[in-house]
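Residue-level listing of the chains:
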2 protein chains.
Amino acid sequence: MPRAGLDPAAVVAAGAALADEVGLANLTMGSLAERVGVRAPSLYKHVGGQEDLNRRIAVLALNEVADAVGGAVQGCAGRDALAAAARAFRAFVLEHPGRYAATIGQEPSDPEDPLAVAGRRLLDAFMAVLWGYEIDPADVDHALRMLRSLCHGFATLQVANGFQWSADIDESFEWLIAFADRGLRAL
Amino acid sequence: MPRAGLDPAAVVAAGAALADEVGLANLTMGSLAERVGVRAPSLYKHVGGQEDLNRRIAVLALNEVADAVGGAVQGCAGRDALAAAARAFRAFVLEHPGRYAATIGQEPSDPEDPLAVAGRRLLDAFMAVLWGYEIDPADVDHALRMLRSLCHGFATLQVANGFQWSADIDESFEWLIAFADRGLRAL
DNA sequence: CAATCCAGGCTAATGAGATTAGCTTTCGGC
DNA sequence: GCCGAAAGCTAATCTCATTAGCCTGGATTG
């Protein structure tokens, strides 16, 4: 029996990719095992189980989305930065719905939990957007939560097909960016 | 064997209550059956299965949250209506996290699907908030999506413990209401 | 170079949960 | 009081996750 050459990172990456394809709810140990070319029990040599796998996918996704948002913000400021960050975030969620879904409902145990670290990285990326606005330090946390709620809410609703009716969704998103920009500049 | 006197509505209501208590992911046919005093297979006389149960819980939740938001808005306008609607929405999600979670990822098949009808009721309730503002008809759909994204995003992030750090969450929510109000008045 | 060890695979078995099949019993309407 | 449908039940099946325990290839070491 030839070795498959797996390691935890490879299993998690394959799991994330599969979740994006078939939906997180349809990611089973069996299908993932088949994907990576082993039998299901072998996966347990690399990850602790489904819950652990889910958690690791969440960490991967948070780091990736933090990279995407952080990278998009580079070299921009103000409204440009806001627009770049928001678009990068939404694009990530639309392209990787499965792995992003894995982040929902995960609670970090302690502040050193990789999940907490990754979450902080994403917040830092959004924080960089706020630097481009003149915001009272007392408002920064609230503004950050507002931005995160807007982006998360919009993207997850869209992925879930929560926007039924007519108006163009991309247009709504651009409108929403403009709305947030005006509000932040007015602070 | 005495009849339990069940019907679909009773099963769905019990399922929603149990989901709120133990989390949607831990709602099993077995635990629900025990809760209502029958064996698991008997539930299939009332609902089509787990997927159908989930869907019906989602419809119930959407109708309830629409009632809550719609009721809260009664007799208010402008900022008061916005605040009442947003608070009612968040309060519902925090009190009924399980049944609200059931709404996520449900796609209505056709416009007559009860799910679509319930979704429209919720939108109508939010729409009532917008009437209190002077909004260009071309912006209404976008504003509606913005409001829904904000409320949904904030509430789901809070339920999932997605807000880690210091600042007070209730305070952030009030800040967010004020932010949205200023933005809507400026349109 | 050979003995050893262990990481990484495997098969088999267990156990939870959803679902189906088919039987039985209650209950409303005649 | 009789009948049929509705509402329960038990038993059986299927899919998955997970555990136990075996096996081996290839690096490590003497």
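Located above this text is the structure these notes cover.
Below: a short report on this structure. Since the model is a prediction, treat every value here as computed from it, not as a measurement.

What counts and what doesn't
- Residues numbered from 1 in each chain as written.
- Chains lettered and ligands numbered in written order.
- Predicted model: local features only at pLDDT ≥ 70, side-chain atom pairs only at ≥ 80, totals over all residues.
- Heavy atoms only, no water.
- Helix = DSSP H or I, 4+ residues; strand = E, 2+ residues; numbered from the N terminus.
- Expected span 1.5 Å × (residues − 1).
- Buried < 20%, exposed > 50% of the residue type's maximum accessible area, 1.4 Å probe, protein only.
- Contact = heavy atoms within 4.5 Å.
- Salt bridge = Lys/Arg side-chain N within 4 Å of Asp/Glu carboxyl O.
- Core = buried A, V, L, I, M, F, W, Y, C linked by side-chain atoms within 4.5 Å.
- Buried area = accessible area lost by both parts, 1.4 Å probe.
- Polar contact = N/O pair within 3.5 Å; in protein donor to acceptor, adjacent residues only side chain to side chain.
- 1 Å grid on protein atoms, 1.4 Å probe; cavity = no way out; pocket = protein on both sides within 12 Å on 5 of 7 lines; lining within 4 Å.
- Points joined across faces, edges and corners; volume = space filled by probe spheres on them.

1. Comments concerning helix 3 (residues 50-73) of chain A
Residues and elements named next belong to chain A. An ideal rise of 1.5 Å per residue puts 34 Å on 24 residues; helix 3 measures up with 34 Å between its terminal C-alpha atoms. Every buried residue of helix 3 is listed here: Leu53, Ile57, Ala58, Val59, Ala61, Leu62, Val65, Ala66, Val69 and Val73. For helix 3, the elements touching its buried residues are helix 1 (8-22), helix 2 (29-36), helix 4 (78-95), helix 5 (97-103) and helix 6 (114-131). Where helix 3 terminates, the next one or two residues include Gly75, which has phi positive at roughly 80°.

2. Description of the pattern of salt bridges
All names here are of chain B. Tallied over the full model, the rule gives 18 salt bridges over all chains. A salt bridge links Arg99 to Glu64, with the nearest nitrogen and oxygen atoms 2.9 Å apart. Separated by 35 residues along the polypeptide, Arg99 in helix 5 (residues 97-103) and Glu64 in helix 3 (residues 50-73) bring together distant segments of the chain. Arg99 gets classed as buried once you look at its relative accessible area, which sits at 8%.

3. Observations concerning the nonpolar core
Ranked by internal contacts, the top residues of the largest apolar core, which has 122 residues, are Phe89 of chain A together with Phe89 of chain B. Beyond its immediate sequence surroundings of up to four residues, Phe89 of chain A is in contact with Val65, Val69, Tyr100, Leu122, Phe126, Arg148, Cys151, His152 and Ala155 of chain A.

4. As for the interface of chain A and chain B
The interface of chain A with chain B comprises 41 residues on the first partner and 41 residues on the second. Of the roughly 3600 Å² buried where chain A meets chain B, counting both sides, 65% is carbon and sulfur surface. At the junction of chain A and chain B, the tally comes to zero salt bridges. Summed over the shared surface of chain A and chain B, the result is 14 residue pairs in polar contact (both at pLDDT 80 or more).

5. Section: empty space enclosed by the protein
Counting across every chain of the model gives two cavities of 30 Å³ or more. Taken as a whole, the largest cavity spans an internal volume of roughly 240 Å³. What lines the largest cavity is a set of 20 residues, and nearest its centre among them are Gly162 and Gln164 of chain A together with Leu62, Thr103 and Arg148 of chain B. Listed by contribution, the elements that provide at least two residues to the lining of the largest cavity are helix 5, helix 6 (114-131) and helix 7 (137-159) of chain B.

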